[in-house]
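# Chains, contacts and geometry: an overview
Below, each chain spelled out in residue letters.
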Amino acid sequence: MNRCDVLVIGSGAAGTFAALAAAEQGARVCIASKGSLLYGNTRLAGGIVACPGFADNDLPRHFVEDVFQAGERISRRNLVELVAEGGLQSLQALEEWGYLFKRNDQGEPRLTQAGGHRSARTMICCYRGSSLANLLRCKIACHDRIRVLESHVLYRLILTEGGMSGALFLDMYRGEPVVIEAPAVVLATGGAGMVYAPHTDNTREVTGDGMALALLVGARLVDMEFMQWMPFAVTSPPDLVGINCGEPSSAGPQGVLLNCRGRVILRSFHRMTRAQVARVIFREIKNGGGTRNGGVIFDPRANRGDPDGERTYQERRSLGTLDVVRQAYGQEAYQWSVPYEVAPSVHFTLGGIVVDNQGSTGVEGLFAAGEVTGGFHGADRLGSAALTECFVVGSTAGYHAWEKSRRKMKVQKRIDCRGLVRELHALFDQPGRETPEKLARELGDLMWRRAGGVRDRQDLEKARRGIADLVLKSEEIKTPGLKKWNLPVQAAIELQSMLVVAEAMVLASQTREETRGTHYRLDYPELSKTWEGKNIVIERGIDGVLTASVKDTDEL
């Protein structure tokens, strides 16, 4: 059994900023990561970071207004204002640590105008998310008050009468349960893209663990009906399905979309939002116009004879975003000489745990930051705002976790986890007939078909029943008795979380009877003023049943 002042679960941008903020106050911090340190979605990020207030004519309130516009008026103002005021400081801290943003010949940062922003306020990272991840790895490794535990799979958060007391993990390397005691816990486990696998560009560790386990100890979820879809992802071969290969702005002014019969379904869409383009593709697929691999045809060829289109092509090639097109479809597709298939893919989980402007979940001693939380983005998100939110809210949560820890340490008692440990041990060597990997694939297929980018009452009800069937099947799982690196046991733990999160997504989608942002209801196709400023909150009752309620945004 291990003890620390602040336990951070998750090691992406939000988790590392939380750990550093707490450690700088003098806390003994432990970061527990399911995979390797900073090998999650942060490493895959495009490396563009919104910097509100950097330009002379750009005020923080302008950023706030843009977030509300993109999120269709259901974002939480206190969170948005927190990020607007702290974004510049967080990026300055990165540069002080040695991080490099692209600059012009005069040494000024190159600012670009990302999707949804009224002006150029987005800084461009050198070498994308990998360079950010490498810097943060070094920063963590050099800090003598931070301990890192890699390959530790979260099994349960531990709640006692005094509030959060730590968490139970499975150490994959040793095959043993590990209890980390801490009076304050920060969840930074990321989103839930794998609920839709393989139709996601997320890393495989992103299985909604933090959301599901926070529900279990009394936290609430919000905005779970909203998933951001990247409209263009690879549809074949199978091992590349879901990998992002572009967005509307990268399609060029002459790019067109066609259905399987060769009919043009969209043209001149390079200024449209991701949600708008994804919606068109989803509707075409649902109406029978999809290809054999479940996508549509993107034809970029006319761009090569157009000056603006040629610039778009050369920019995409230089950034490396066409590399996966070459890998999947060949050299001619890479050169935009032939059309190729695309389909939407889950890019970002917009909903998550309800937090306040201190990162607190409302559960004593439990904080959260990053993609595991909801409320900042609303129904859709600005391009480049996700990393900024991770930096600011991560730091805030880490600082306040330390403040909470200082007040609780004197009264903390030893905890008894023997029952949870026995429960975890029982997952090994199960004799059932269902493998967790197979059930996870069935869940991904169900969510893609019944709760994807376009939904209606009938499909959502089928999704709800299908999830219930999978819950029953999950009681008959089969796992080996292997001790070290028992990946089926890890998959069984993740499946528990994915089923809970999937149910929350479907329940929220059933409740919101309108179309808003990334949530599109075929049976309620219009944006409704009745729903403006309204959020769907998911809670877990003492009987384990999930319930949905409608709250005014200000009530959260």
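Each remark here, short or long, concerns the structure printed above.
These notes cover the structure that comes with them. Keep in mind that this is a model prediction, so the values were computed, not measured.

Reading guide: rules and limits
- Residues numbered from 1 in each chain as written.
- Predicted model: local features only at pLDDT ≥ 70, side-chain atom pairs only at ≥ 80, totals over all residues.
- Heavy atoms only, no water.
- Helix = DSSP H or I, 4+ residues; strand = E, 2+ residues; numbered from the N terminus.
- Rg over C-alpha atoms; globule rule 2.2 N^0.38 Å.
- Buried < 20%, exposed > 50% of the residue type's maximum accessible area, 1.4 Å probe, protein only.
- Contact = heavy atoms within 4.5 Å.
- Lys, Arg positive; Asp, Glu negative; His and termini not counted.
- Charge placed at Lys NZ, Arg CZ, Asp CG, Glu CD.
- Core = buried A, V, L, I, M, F, W, Y, C linked by side-chain atoms within 4.5 Å.
- Pairing = 2+ DSSP bridges.
- Axes fitted to C-alpha atoms, helices over the stretch in contact; angles between N-to-C directions.
- Salt bridge = Lys/Arg side-chain N within 4 Å of Asp/Glu carboxyl O.
- Expected span 1.5 Å × (residues − 1).
- Polar contact = N/O pair within 3.5 Å; in protein donor to acceptor, adjacent residues only side chain to side chain.
- Phe/Tyr/Trp six-rings, centres within 6.5 Å; stacked < 30°, edge-to-face > 60°.
- Disulfide = S-S within 2.5 Å.
- Patch = residues over 30% accessible without salt bridge, like charges linked within 9 Å, V, L, I, M, F, W, Y side chains within 5 Å.
- Areas by Shrake-Rupley, 256 points an atom, 1.4 Å probe, with all protein chains shown as cover.

### Notes on the overall build of the protein chain
What the protein chain contains, in helices and strands, is 15 helices and 23 strands. Over its C-alpha atoms the protein chain spans a radius of gyration of 23 Å, differing by no more than 12% from the 24 Å that the globule rule assigns to 556 residues. Seen through its principal axes, the protein chain has C-alpha atoms that stretch 70 × 60 × 45 Å. Going through the 556 residues of the protein chain one by one, you find that 59% of them count as buried. The contacts in the protein chain between residues at least 6 apart in sequence include a share of 72% that link residues at least 24 apart. When the 68 basic and 66 acidic side-chain charges of the protein chain are each reduced to a single mean position, those positions are 2 Å apart.

### Looking at the nonpolar core
L7, L157 and M447 are the most contacted members of the largest nonpolar core, which totals 140 residues. With 13 residues, helix α15 (residues 487-511) is the largest single contributor of residues to this core. Setting aside residues up to four positions removed in sequence, L157 forms contacts with I9, M164, G166, A167, V185, L187, L213, A214, V217 and L366. Membership of the second largest hydrophobic core comes to 23 residues, among which are C245, V296, F298 and A333.

### Brief notes about the pairing of strand β10 (residues 176-181)
Of all six residues in β10, five are buried, a share of seventy percent or more. Judged from the two bridges that link them, strand β1 (residues 2-3) and β10 form a sheet pairing that is parallel. What sits directly across from N2, in β10, is I180. Bridge count for strand β9 (residues 163-171) against β10 is six bridges, and the pairing is antiparallel.

### What to know about unusual backbone geometry
Cis geometry marks the peptide bond from A197 to P198, where omega comes out at 10°. Looking at the element boundaries, P198 is found in the loop between β11 (184-187) and α6 (209-216). Cis rather than trans, the peptide bond between S236 and P237 has omega equal to -5°. Here P237 shows up in the loop between β13 (227-233) and β14 (244-246). The backbone phi angle of R73 is positive, close to 70°, even though this residue is not glycine.

### Description of the sheet that holds β11
The five strands lie next to each other as β7-β3-β2-β11-β20, forming an open sheet whose pairing is parallel. Across the chains shown, the open sheet's two edge strands, defined by having one partner strand only, are β7 (146-149) and β20 (366-368). Neighbour to neighbour, the strand axes of the sheet diverge by 20° on average, direction disregarded.

### So, the pattern of salt bridges
Applying the stated criterion across every chain, the model contains 37 salt bridges. Here R77 and E81 are joined by a salt bridge, their closest N and O atoms 3.7 Å apart. With R77 and E81 both in helix α4 (residues 77-96) and four residues apart, this pair spans about one turn of that helix. With relative accessibility at 43%, the residue R77 sits in the partly exposed group. With a relative accessible area of 37%, E81 lands in the partly exposed category. Salt bridges sharing common partners tie together D58, R61, E65, D66, R118 and R121.

### Digging into the sheet that holds strand β5 (residues 111-112)
The antiparallel open sheet is built from three strands, whose spatial order is β4-β6-β5. The open sheet terminates on both sides in strands that have one partner only, identified here as β4 (48-50) and β5. Two elements, β5 and strand β6 (residues 122-124), share two bridges in a ladder whose sense is antiparallel. For T112, the partnering residue across the bridge sits in β6 and is T122.

### As for helix α8 (residues 307-319)
Taking 1.5 Å as the rise per residue, α8 with 13 residues should run 18 Å; its terminal C-alpha atoms sit 19 Å apart, in good agreement. If you check the start of α8, you find a side-chain oxygen 3.0 Å away from the backbone N of D308, and it comes from D306. One or two steps after α8, the chain reaches G320, where phi turns positive at roughly 85°.

### Some thoughts on the environment of N2
With respect to the helices and strands, N2 occurs in strand β1. Along the backbone, N2 and V178 are 176 residues apart, and their C-alpha atoms lie at a distance of 8.0 Å. Not counting residues within four places of it along the chain, the set of residues in contact with N2 comprises R147, V178, V179, I180 and E181.

### Structural notes on the packing of aromatic side chains
Using the criterion set out here, one finds 13 aromatic pairs in the structure. Between Y196 and W229, the aromatic rings sit 5.3 Å apart at their centres with planes inclined by 80°, giving edge-to-face as the arrangement. Of the two residues, Y196 sits in the loop between β11 and α6 while W229 sits in strand β13, which places them 33 residues apart along the sequence. Since its relative accessible area comes to 4%, W229 is described here as buried.

### Regarding the state of the cysteines
Overall, the coordinates contain zero disulfides when judged by the stated rule. Not part of a disulfide, C4 finds its nearest cysteine sulfur in C30, a span of 5.1 Å. Residue C245 stays outside any disulfide, its sulfur separated by 19 Å from that of C260, the closest cysteine. Overall, C245 belongs to the buried group, its relative accessible area being 2%.

### Here's the deal with a nonpolar patch on the surface
On the surface, a cluster of nonpolar side chains totalling about 360 Å² of accessible area is made up of Y173, W485 and L487. Following the sequence through the fold, Y173 ends up in the loop between β9 and β10. Looking at Y173, the relative accessible area reads 52%, which means it is exposed.

### Quick notes on the side chain of S497
By the element assignment, S497 lies in helix α15. With sequence-adjacent residues up to four places away left out, S497 is seen in contact with T207, G208, D209, A212 and L213.

### Observations regarding the side chain of N303
Among the secondary structure elements, N303 is positioned in the loop between β17 (296-299) and α8. Given a relative accessible area of 0%, N303 falls into the buried group. With near-sequence residues (within four places) excluded, N303 lies in contact with A251, G252, P253, Q254, G255, G309, E310 and W336.

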